[in-house]
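Listed below, chain by chain, are the residues.
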Number of protein chains: 2
Amino acid sequence: MISLLIKNAYLLTMQGKGSGFIKKGAIAVHGDRIVDVGISEELEAKWEARKIIDATGKVVMPGLIDAHIHTGMGLYRGVAQDIKDWLQKGVGPYFNHITGEEAAAGSMLNILEGAKSGTTTFCDYDYPMTRIVENHHRIGVRARIASTVNELPADLHRIKVGEVYPLDESSGRKKLKEAQKLMEEWHGKGNGRITCILGPQGADMLSQTLLLEMKELAETYDTKIHMHVAQGDRETDQMMKRFGMRTIDYLESIGYLNERLMAVHLTDASRDEVQLLAEKGASMTHCPGSIGLIDGVVPPVMEFMKAGGLAALGSDQAPGNNCSNMFNEMKSAAVFNKIKAQDPTVMPAEKVLRLATIEGAKAIGLDHEIGSLEKGKKADLIIVNMMEPGLSPVILEPVNNIIPNLVYAARGHEVETSIIDGSVVMENRNVRTVNEEEVVQNAQESAENLSERIKKSC
Amino acid sequence: MISLLIKNAYLLTMQGKGSGFIKKGAIAVHGDRIVDVGISEELEAKWEARKIIDATGKVVMPGLIDAHIHTGMGLYRGVAQDIKDWLQKGVGPYFNHITGEEAAAGSMLNILEGAKSGTTTFCDYDYPMTRIVENHHRIGVRARIASTVNELPADLHRIKVGEVYPLDESSGRKKLKEAQKLMEEWHGKGNGRITCILGPQGADMLSQTLLLEMKELAETYDTKIHMHVAQGDRETDQMMKRFGMRTIDYLESIGYLNERLMAVHLTDASRDEVQLLAEKGASMTHCPGSIGLIDGVVPPVMEFMKAGGLAALGSDQAPGNNCSNMFNEMKSAAVFNKIKAQDPTVMPAEKVLRLATIEGAKAIGLDHEIGSLEKGKKADLIIVNMMEPGLSPVILEPVNNIIPNLVYAARGHEVETSIIDGSVVMENRNVRTVNEEEVVQNAQESAENLSERIKKSC
């Protein structure tokens with residue numbers, strides 16, 4: 001007897017080159033793995049299950065992958081909008097005053113928000129990570145963790161916009177040590193749900209020595225490198241002043257452009273630069289909601305994909321994007337690129353859905369386990385109620401409106417149930433693993449304390 | 001004893017030039033009107049109410065105004081995305097095959113979707129309107145109704161893209177008669193919730209004679225004219241071929257540009273044209289979600305507002321935008337314009353919130369009744385739960401994050417309660433006036449029947 005059978009679903013397996021749609025599909029799960037996927041009638045005849053979910057009127061699809069998120073910034077949502085010099089002037093005071101405990105409270109809220117809107121895998125990129133990783137473990141999501149490393153001085157907020165930041169080697173060494181410790185303690189935990197990778201914070205924030213050392217470590221551990229690359233004119237300005245080169249030229253010159261690299265943002269990268277990135281096999285994570293709101297820019301993901309690159313989507317962080325919801329990211333990726341190209345045919349819905357599932361999984365190096373509903377893969381999936389007033393009706397012929405509606409109409413709250421590593425993390429909108437009210441209350445109290453301290457220091 | 005007191009709210013009155021924020025506010029309602037607005041303690045001491053709602057942790061604000069929607073197209077959400085020639089090739093088959101009953105089923109679904117995401121006023125622009133207006137009346141929302149008039153022939157779908165449409169006078173006359181009948185039967189119904197205005201469908205779709213006749217009627221009835229203006233290159237092409245003039249020059253030449261005109265879209269209008277529109281006192285409704293998705297264009301609303309024009313926001317229709325949710329429209333308006341201007345400071349959150357409330361009310365000519373929470377105005381308001389995981393925490397100082405979060409983080413389902421004309425239409429997410437499941441089921445069945453007929457005709 002298997003543990004779970006979900007039947008009568010509109011199934012999006014994301015197998016093959018499209019969406020792998022099955023009109024009346026089923027999926028059989030045993031333990032943490034998918035044991036069968038196919039036509040509902042056939043699976044119902046074949047498998048006896050302890051738990052059966054009837055998904056009539058609902059989509060069953062792979063859980064969404066948020067390929068770049070800083071959950072530790074969850075607490076200061078909405079404090080830095082509609083301004084220039086976002087980093088220095090907007091989030092700076094919050095960044096400088098927050099305690100580890102407060103960051104952990106915001107992180108839990110941020111993970112809860114993502115989980116409730118269909119994210120099952122979070123590529124969390126933050127520092128310090130020790131308490132944040134515990135949040136992921138506790139709530140039961142899949143997390144690809146990078147404890148960020150930089151050599152920025154503690155008094156960065158005193159440095160004027162445009163001045164070259166001094167680098168502090170001891171600070172970088174300390175953070176790298178913590179990253180290695182985290183890797184040793186956490187990699188593979190939670191039945192493999194938690195994996196650790198390396199996270200230099202940006203070519204402008206580390207010395208070449210430390211950056212090269214992290215490259216070697218990535219080879220030793222045989223793991224990915226998650227890194228901000230060409231994230232804006234601030235970075236480019238620092239790179240030109242410090243190294244006399246733009247970021248991507250610099251990374252190429254020190255052998256960083258290869259399949260290990262998960263390059264994030266590329267806000268300020270040229271067409272030639274993203275082409276080079278794609279040719280070298282690095283993946284690109286773009287965060288349209290965040291970069292659109294912070295910079296008014298649409299990253300060059302179309303050019304990157306045209307060059308054959310593997311792209312993923314990320315929500316970035318609460319004070320930039322304000323929203324850690326992959327349905328927001330999917331719609332933003334599609335519409336922003338249509339606006340940029342002045343062409344409604346570019347970045348179609350199915351392509352975007354692939355970026356948030358199977359192609360995202362490839363980009364972060366987890367496609368052997370997740371990203372599609374396939375026999376042998378981990379059971380990471382979501383059930384979306386298509387009978388919500390804002391998502392219905394479902395039309396199958398002559399045009400199938402399921403994918404356009406998931407990408408352009410869904411808001412996130414239509415995700416009813418979320419299964420991760422074979423466990424039901426959310427059922428009928430109730431997250432089973434944490435007390436949601438407590439998470440919100442804890443974040444609220446932490447935000448009030450933090451804000452009170454900032455107010456006093458102003 | 002008054003009928004309702006809502007206390008302990010984060011109150012956004014939208015009075016004055018900003019948001020009229022009160023940290024711990026209350027609002028007193030009696031019958032259909034607001035009788036008092038102010039500090040919670042003071043109102044609690046002053047008023048005894050039959051019903052009291054404690055809005056701790058919640059925002060109370062004016063209901064949102066959707067200044068342009070075709071609810072009759074609600075049934076074919078998601079059938080026409082990622083294509084060119086959206087009108088002719090995408091929605092055409094659905095438009096041509098749908099029955100009045102099916103359109104009414106889609107309309108009810110669309111209104112339900114809007115109502116559940118905070119819309120309290122719908123400027124519905126559709127034909128035929130007789131059954132649609134009944135939907136608005138029944139569900140209990142405020143509706144500004146225009147029964148559209150055009151002289152398009154019934155076999156429009158046979159006309160090739162780029163060919164000048166022949167106009168059919170008798171069809172136009174029939175539609176105008178129906179619009180007048182609707183006005184006589186419905187204007188002022190539902191305690192004034194339903195108001196009727198005129199709705200020529202576009203300068204390219206009517207003869208000059210009929211357009212001028214409708215102008216005279218608007219003067220006779222002393223009412224607004226809701227009209228598509230410069231809605232894209234298809235329209236401009238038709239205008240040049242038929243009249244040898246672009247739309248706005250043409251409308252100016254026949255005296256159409258004045259305060260009666262609610263000009264919708266302006267997708268293809270130049271800076272000079274929208275400036276002229278603003279100077280003449282016409283308002284502009286822009287539908288960023290729909291036009292972004294259908295055309296890959298951001299309408300020139302910044303230029304219009306810079307020229308002093310009054311702007312509003314609309315969701316347009318389900319097969320274009322895919323989503324009739326004013327929270328989607330607010331975020332889209334802000335971020336699309338930041339992208340267009342490559343400047344994160346343009347179209348700030350508070351401005352966008354004003355477009356969806358008080359300024360929208362002015363643009364559609366209903367600001368004497370709605371758009372702000374003010375003594376003497378109609379009680380149209382919503383209660384938004386800021387303690388949802390995707391909206392929290394609330395920070396008041398040193399930066400107030402409530403408005404950025406409403407605009408950039410809210411998804412619509414955080415609206416808990418909706419009060420329209422003093423009546424509780426939705427409470428704790430349950431719409432009281434219709435059976436939600438029946439509405440969805442009816443739309444689903446209607447969509448299946450419609451699609452079956454289209455499939456057979458293909």
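The rules behind these values
Residues numbered from 1 in each chain as written. Chains lettered and ligands numbered in written order. Predicted model: local features only at pLDDT ≥ 70, side-chain atom pairs only at ≥ 80, totals over all residues. Heavy atoms only, no water. Helix = DSSP H or I, 4+ residues; strand = E, 2+ residues; numbered from the N terminus. Rg over C-alpha atoms; globule rule 2.2 N^0.38 Å. Contact = heavy atoms within 4.5 Å. Pairing = 2+ DSSP bridges. Buried area = accessible area lost by both parts, 1.4 Å probe. Salt bridge = Lys/Arg side-chain N within 4 Å of Asp/Glu carboxyl O. Polar contact = N/O pair within 3.5 Å; in protein donor to acceptor, adjacent residues only side chain to side chain. Nonpolar A, V, L, I, M, F, W, Y, C, P; charged D, E, K, R; others polar. Phe/Tyr/Trp six-rings, centres within 6.5 Å; stacked < 30°, edge-to-face > 60°. Buried < 20%, exposed > 50% of the residue type's maximum accessible area, 1.4 Å probe, protein only. Lys NZ or Arg CZ within 6 Å of the ring centre and 35° of its normal. Core = buried A, V, L, I, M, F, W, Y, C linked by side-chain atoms within 4.5 Å. Least-squares fit on C-alpha atoms with pLDDT ≥ 70 in both. Axes fitted to C-alpha atoms, helices over the stretch in contact; angles between N-to-C directions. Left-handed = near helix turned anticlockwise from the far one by under 90°. Disulfide = S-S within 2.5 Å. Domains from an automatic or database assignment.

Quick look at the overall build of chain A now. Secondary structure assignment for chain A yields 17 helices and 17 strands. Scaling as 2.2 N^0.38, a compact globule of 458 residues should have a C-alpha radius of gyration of about 23 Å, and chain A matches this with 21 Å. With the C-alpha coordinates aligned to their principal axes, the bounding extent of chain A is approximately 65 × 45 × 45 Å. Considering only contacts within chain A whose residues lie at least 6 apart along the sequence, 71% involve residues at least 24 apart.

Looking now at the pairing of strand E16 (residues 423-427) of chain A. All names here are of chain A. Note: strand E15 (residues 415-420) against E16, 3 bridges, orientation antiparallel. Bridging from a neighbouring strand, Ile420 pairs with Ser423 of E16. From the end of E16 to the start of strand E17 (residues 430-431), which pair antiparallel, there are 2 residues, and Asn428 there has a positive phi angle of about 45°.

Glancing now at the interface of chain A and chain B. Taken together, the 68 residues of chain A in the interface contact 68 residues of chain B. If you sort the residues of chain A by the area they bury against chain B, A:Asp82, A:Pro389 and A:Arg411 come out on top, with a joint share of 13%. In this structure, the connection of chain A to chain B is made through 4 salt bridges. In this structure, the salt-bridge partner of B:Asp82 is A:Lys338, at a minimum N-O distance of 2.6 Å. Linking chain A with chain B are 28 residue pairs in polar contact (both at pLDDT 80 or more). Where the side of chain A that touches chain B is concerned, the elements lending two or more residues are helix H3 (100-116), helix H10 (288-295), helix H13 (326-341), helix H16 (402-408) and helix H17 (436-457) of chain A. The biggest single contributor to the side of chain A that touches chain B is H17(A), with 8 residues. Class assignment of the residues belonging to the side of chain A that touches chain B gives a composition of 37 nonpolar, 18 polar and 13 charged.

Further remarks concern the packing of aromatic side chains. What describes a pair of aromatic rings is the distance from one ring centre to the other and the angle between the planes of the rings. Residue and element names in this part refer to chain A. Counting across every chain of the model gives 5 aromatic pairs over all chains. Ring centres of Tyr76 and Tyr94 lie 5.4 Å apart, and the angle between their planes is 20°; on these two criteria the pair is classed as stacked. With Tyr76 in the loop between strand E6 (64-69) and helix H2 (86-97) and Tyr94 in helix H2, this pair connects stretches of sequence that are 18 residues apart. The buried category is assigned to Tyr76, whose relative accessible area is 1%. Across the ring face of Trp186, the terminal group of Lys189 is positioned such that the distance to the ring centre comes to 4.9 Å.

Time to look at the nonpolar core. Among the nonpolar cores identified, the biggest contains 262 residues, and A:Leu266, B:Leu251 and B:Leu266 are the most heavily contacted of them. Leaving out residues up to four positions away in the same chain, A:Leu266 has contacts with A:Val229, A:Ala230, A:Ile248, A:Val274, A:Leu277, A:Met284 and A:Pro300.

What follows concerns the pattern of salt bridges. As enumerated under the stated definition, the model contains 56 salt bridges over all chains in all. Across the salt bridge formed by B:Glu169 and B:Arg173, the nearest N and O atoms sit 3.4 Å from each other. A residue pair is termed a helical-turn pair when its members lie 3 or 4 positions apart in one helix, as B:Glu169 and B:Arg173 do in helix H5 (residues 169-186) at 4 residues. Owing to a relative accessible area of 31%, B:Arg173 belongs among the partly exposed residues under this scheme. A salt bridge links B:Glu273 to B:Arg246; the nearest nitrogen and oxygen atoms lie 2.8 Å apart. Taken as a pair, B:Glu273 in helix H9 (residues 271-279) and B:Arg246 in the loop between helix H7 (233-243) and helix H8 (247-253) lie far apart in primary sequence, 27 residues in all. Where salt bridges share partners, they join A:Asp32, A:Arg142, A:Lys378, A:Asp380 and A:Asp421 into one cluster.

Below, the discussion takes up the environment of B:Val431. All names here are of chain B. With respect to the helices and strands, the residue Val431 is situated in strand E17 (residues 430-431). When its relative accessible area of 8% is taken as the criterion, Val431 is described as buried. In this structure, the C-alpha to C-alpha distance between Val431 and Ala379, residues 52 residues apart in sequence, is 17 Å. Here Val431 is in contact with Leu112, Lys116, Ile139, Val425, Met426 and Glu436, once residues within four sequence places are set aside.

Right, let's get into the relation of the copies chain A and chain B. For the pair chain A and chain B, the relating rotation is 180°, the translation along its axis is 0.0 Å, and the fit reaches an RMSD of 0.0 Å. With respect to symmetry, the two chain copies, as superposed, fit the operation of a two-fold axis. Minimal C-alpha separation from the rotation axis in chain A is found for A:Arg411, amounting to 3.0 Å.

What follows covers the packing of helix H3 (residues 100-116) of chain B against helix H4 (residues 130-139) of chain B. Residue and element names in this part refer to chain B. Where H3 contacts H4, the two axes come as close as 9 Å, and the packing angle between them is 30°. For the pair H3 and H4, the sense of crossing is right-handed. Taking contact as the criterion, the partners of Gly100, Glu101, Ala104, Ser107, Met108, Ile111 and Leu112 in H3 are, on H4, Arg131, Ile132, Asn135, His136, Arg138 and Ile139.

Per the stated rule, a full pass over the model turns up 0 disulfides over all chains. The thiol of B:Cys287 is unpaired, and the distance to the nearest cysteine sulfur, on B:Cys123, comes to 10 Å.

It is worth spelling out the domain arrangement of chain A at this point. Accessible area lost upon the coming together of the parts is a frequently used measure of interface size. All names here are of chain A. According to the domain assignment, chain A contains domain 1 (2-62 + 372-427) and domain 2 (64-363). For domain 1 and domain 2, the distance between their C-alpha centroids amounts to 30 Å. Contact residues are listed per partner, giving 29 residues for domain 1 and 30 residues for domain 2. Summing the contributions of domain 1 and of domain 2, the shared interface buries around 2,300 Å²; its carbon and sulfur component is 62%. Contact with domain 2 buries surface across domain 1, with Met14, Val407 and Tyr408 losing the most and accounting together for 27% of the total. Across the domain 1-domain 2 interface, the total number found is 2 salt bridges. Taking the shortest distance from any N to any O, the salt bridge between Arg142 and Asp380 comes out at 2.6 Å. Summed over the shared surface of domain 1 and domain 2, the result is 11 residue pairs in polar contact (both at pLDDT 80 or more). The set of elements that each furnish at least two residues to the side of domain 1 that touches domain 2 consists of strand E5 (58-62), H16, E15 and E16. Per element, the largest residue contribution to the side of domain 1 that touches domain 2 is 5 residues, and it comes from H16.

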